[in-house]
Amino acid sequence: MKIATIIARVLLGLVFFVFGLIVFLPFIHLPPPPPGPAGQFMGALFSSHYLYAIKIFEVVGGLLLLIGRYVPLGLTLVGPVIVNILFYDIFLDTSGLGMGVIIAALALFLLWRYRTAFAGLVRP
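Definitions and limits used
- Residues numbered from 1 in each chain as written.
- Predicted model: local features only at pLDDT ≥ 70, side-chain atom pairs only at ≥ 80, totals over all residues.
- Heavy atoms only, no water.
- Helix = DSSP H or I, 4+ residues; strand = E, 2+ residues; numbered from the N terminus.
- Rg over C-alpha atoms; globule rule 2.2 N^0.38 Å.
- Buried < 20%, exposed > 50% of the residue type's maximum accessible area, 1.4 Å probe, protein only.
- Contact = heavy atoms within 4.5 Å.
- Areas by Shrake-Rupley, 256 points an atom, 1.4 Å probe, with all protein chains shown as cover.
- 1 Å grid on protein atoms, 1.4 Å probe; cavity = no way out; pocket = protein on both sides within 12 Å on 5 of 7 lines; lining within 4 Å.
- Points joined across faces, edges and corners; volume = space filled by probe spheres on them.
- Phe/Tyr/Trp six-rings, centres within 6.5 Å; stacked < 30°, edge-to-face > 60°.
- Lys NZ or Arg CZ within 6 Å of the ring centre and 35° of its normal.
- Axes fitted to C-alpha atoms, helices over the stretch in contact; angles between N-to-C directions.
- Parallel < 35°, antiparallel > 145°, perpendicular 65-115°, else oblique.
- Left-handed = near helix turned anticlockwise from the far one by under 90°.

(A) How the structure looks around the overall build of the protein chain. Of the regular secondary structure elements, the protein chain holds six helices and zero strands. What you see for the protein chain is a C-alpha radius of gyration of 15 Å, in line with the 14 Å of a compact globule of 124 residues. By its C-alpha atoms, the protein chain is 45 × 30 × 25 Å across when sized along the principal axes. Out of the 124 residues belonging to the protein chain, those deemed buried represent 31%. Across the protein chain, every contact between residues at least 6 apart in sequence was considered, and the portion connecting residues at least 24 apart equals 68%. Total accessible area on the protein chain stands at roughly 8000 Å², and carbon and sulfur atoms take up 75% of it.

Here you go:
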């Protein structure tokens, strides 16, 4: 189980670290936004520069997951981003739903493995 935890932590960390850096260091060409509400949503994130704030959380959270120190803090930083990824995939553009579900599953597995760090949140 320890090896599965390390694999899940590194995979999730890589996803958020690499895709978070794309906005700051464009080493991967981003496709144009999809038409309709999904494209309008992405356009609003880009034009308002709100996307930079989101990507900072992704980079820092992904780096903490990759390093293996402060993993609960890294999960806390990327948690809201994962929820937004799932909501975007469910309500605006279902083409990426598979990747969103995989990311959410990895995060839920890690939350379960580090549940003692989050136990104070659910204790009465």
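(B) Local environment of the layout of surface pockets. Taken as a whole, the largest pocket encloses approximately 1200 Å³ of empty space. The wall of the largest pocket is formed by 35 residues, among which Met-42, Lys-55, Glu-58, Ile-85 and Tyr-88 lie closest to the centre. Of all the elements in the fold, those that place two or more residues in the lining of the largest pocket are helix 1 (2–24), helix 2 (37–47), helix 3 (50–67), helix 4 (71–91) and helix 5 (97–113). Take the lining of the largest pocket: its biggest share by element is seven residues, from helix 4. In this model, the second largest pocket occupies a volume close to 150 Å³. In terms of lining, the second largest pocket is formed by Leu-75, Thr-76, Gly-79, Ile-82, Val-83, Leu-86, Ala-104, Ala-107, Leu-108, Leu-111 and Phe-118.

(C) Seen up close, the packing of aromatic side chains. Following the criterion strictly, the structure yields three aromatic pairs and no others. Summarising the aromatic geometry, the rings of Phe-24 and Tyr-52 are spaced 5.8 Å apart at their centres and angled 35 degrees between planes, so their arrangement reads as tilted. Here the residue Phe-24 occupies a position in helix 1, and Tyr-52 occupies one in helix 3, the gap between them amounting to 28 residues. On the basis of relative accessibility, which here comes to 37%, the residue Phe-24 falls in the partly exposed class. Residue placement shows Arg-69 over the ring face of Tyr-70; its charged tip is 5.3 Å from the ring centre. Taking the ring centre of Trp-112 as reference, the NZ or CZ of Arg-115 above it sits at 4.1 Å.

(D) Structural detail: the packing of helix 1 against helix 5. Relative to each other, helix 1 and helix 5 sit at 130 degrees, their axes nearing to 10 Å. As summarised for this structure, helix 1 and helix 5 are arranged oblique, according to the angle between their axes. In the crossing of helix 1 with helix 5, the sense of the turn from one axis to the other is left-handed. Across the interface between the two elements, Lys-2, Ala-4, Thr-5, Ala-8, Arg-9, Leu-11, Leu-12, Val-15 and Phe-16 from helix 1 touch Ile-103, Leu-106, Ala-107, Phe-109, Leu-110 and Arg-113 from helix 5.

(E) Just the environment of Val-18, in detail. Positionally, Val-18 belongs in helix 1. On the accessibility criterion, Val-18 (26% relative accessible area) is partly exposed. A C-alpha to C-alpha distance of 8.9 Å links Val-18 and Glu-58, two positions 40 residues apart in sequence.

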